Amino acid sequence: MSSVNVSTTRNTVTVNGDTSVVSVTTQGPQGPQFSTSGANLNDSNKVNNSVVYFDSTSGTFKADQTRTVENLVDGGNF
């Protein structure tokens, strides 16, 4: 039968009589938000080669089939 004894004051773990020193770390700070304005990214309808664009009606950045690298052409509305 295995037993585990964790001692928080000595930073050791004992498993079946063998003692090892372990280091415990915590997750560091998170990176910056997606945008400084607080707008979200909606990529739930993304397709291959979607291009991210801002939709002012919903106030979100989107990646979907509306804008893709295939339908961006010279003289297009983008």
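Residues numbered from 1 in each chain as written. Predicted model: local features only at pLDDT ≥ 70, side-chain atom pairs only at ≥ 80, totals over all residues. Heavy atoms only, no water.

## Let's talk about the overall build of the protein
What counts is decided by this rule: Helix numbers and strand numbers start at the N terminus; a helix is a DSSP run of H or I with at least 4 residues, a strand a run of E with at least 2. Throughout, a residue-residue contact means that at least one pair of heavy atoms, one from each residue, lies within 4.5 Å.
When helices and strands are tallied, the protein shows zero helices and six strands. Secondary structure of the protein in N-to-C order comes out as β-β-β-β-β-β. Pairs at least 24 residues apart make up 2% of the contacts formed inside the protein by residues separated by at least 6 positions.

## Focus on the pattern of salt bridges
As a reminder of what qualifies: Think of a salt bridge as a Lys or Arg side-chain nitrogen and an Asp or Glu carboxyl oxygen that are within 4 Å of each other.
If you walk through the whole model with that rule in mind, you get one salt bridge. Between Asp55 and Lys62 there is a salt bridge; the shortest N-O distance is 3.2 Å.

## What about the side chain of Asp55?
Note the cut-off: The cut-offs for exposure are 20% and 50% of the maximum accessible area for each residue type, with area from a 1.4 Å probe on protein chains only; residues under the lower value are buried, those over the upper are exposed, and the others partly exposed.
Looking at the element boundaries, Asp55 is found in strand β5 (residues 53-55). Note on Asp55: relative accessible area 19%, which makes it buried. Excluding its chain neighbours within four sequence positions, the residues that come into contact with Asp55 are Thr60 and Lys62.

## Topic: the confidence of the model for the protein
So the rule is basically this: Values of pLDDT, which run from 0 to 100, indicate the predictor's confidence residue by residue.
Averaged over all residues, the pLDDT of the protein is 78; the fraction at 70 or higher stands at 71%. Here strand β1 (residues 4-7) stands out as the least confident element of the protein, with mean pLDDT 61; strand β6 (residues 60-62) is the most confident, with 94.

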